Amino acid sequence: SVVCKLFNGYGSFVLLLSPVRWAMASWLFSHVTGAGTPYLNPAFQSHMGIFTERGFKLAGVDPPDVASGVVERWSDKRGWVFHDGQLFLLGFLFRCLGIVA
């Protein structure tokens, strides 16, 4: 997409400010790692390049890599959100900025 190509390929970091992006990534992680999912099957993964193109590499999803930071994961095209805590923290930050401004 156009946003991802901005700033020498680091334009996708602008999406860190989007609560919709965080919520969609959390929902997608729950869907891909849910019970009975075909996405974690190695035969299926070879045909799912669209996930990698969109910033959701299927390698390293199960078990989730929670040891690395968000920027490190996003620069490696692993944009999964493993829990909703980051989304709530982003909402809290926006509300604090609204009170100050």
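Each remark here, short or long, concerns the structure printed above.
As the structure is a computational prediction, the values presented were derived from the model and not from experiment.

S.K.: An account of the overall build of the protein chain is requested, with residue identities and associated values reported.
M.R.: Scanning the protein chain from terminus to terminus reveals 6 helices and 0 strands. Starting at the N terminus, the α and β elements of the protein chain follow one another as α-α-α-α-α-α. Projected onto the principal axes, the alpha-carbon positions of the protein chain cover approximately 50 × 35 × 20 Å. Looking at the protein chain residue by residue over its 101 residues, the buried ones come to 29%. Within the protein chain, residue pairs in contact and separated by at least 24 positions form 47% of the contacts whose partners lie at least 6 positions apart. Accessible surface computed for the protein chain: about 6,800 Å², of which carbon and sulfur atoms make up 67%.

S.K.: Kindly report on the packing of helix α2 (residues 19–32) against helix α6 (residues 85–100), identifying the contributing residues and their values.
M.R.: One can describe the packing of α2 onto α6 by two numbers: an axis separation of 9 Å at closest approach and a directional angle of 165°. In terms of orientation, α2 lies roughly antiparallel with respect to α6. Here α2 and α6 pass one another in a crossing that is left-handed. In this structure, α2 contributes P19, W22 and A23 to the contact, and α6 contributes Q86, L87, L90 and F94.

S.K.: Describe the side chain of S26, and please don't skip the residues or the numbers.
M.R.: On the secondary structure map, S26 appears in helix α2. Among all residues touching S26, those that are not within four sequence positions of it are V81 and D84.

S.K.: Give me the environment of V14: which residues, what numbers.
M.R.: Assignment of secondary structure puts V14 in the loop between α1 (2–5) and α2. Its relative accessible area of 44% is what places V14 among the partly exposed residues. Note: C-alpha distance between V14 and L40 (26 residues apart in sequence) is 29 Å.

S.K.: Pulling in residues and values, what's your account of the nonpolar core?
M.R.: Membership of the largest hydrophobic core comes to 16 residues, with the highest contact counts inside it found for L28, V32, F51, F56, L58 and W80. The dominant element in this core, judged by the number of residues it contributes, is α2, at 5 residues. Apart from residues lying up to four places away in sequence, F51 is in contact with L28, V32, Y39, F56, K57, L58 and W80.

Reading guide: rules and limits
- Residues numbered from 1 in each chain as written.
- Predicted model: local features only at pLDDT ≥ 70, side-chain atom pairs only at ≥ 80, totals over all residues.
- Heavy atoms only, no water.
- Helix = DSSP H or I, 4+ residues; strand = E, 2+ residues; numbered from the N terminus.
- Buried < 20%, exposed > 50% of the residue type's maximum accessible area, 1.4 Å probe, protein only.
- Contact = heavy atoms within 4.5 Å.
- Areas by Shrake-Rupley, 256 points an atom, 1.4 Å probe, with all protein chains shown as cover.
- Axes fitted to C-alpha atoms, helices over the stretch in contact; angles between N-to-C directions.
- Parallel < 35°, antiparallel > 145°, perpendicular 65-115°, else oblique.
- Left-handed = near helix turned anticlockwise from the far one by under 90°.
- Core = buried A, V, L, I, M, F, W, Y, C linked by side-chain atoms within 4.5 Å.

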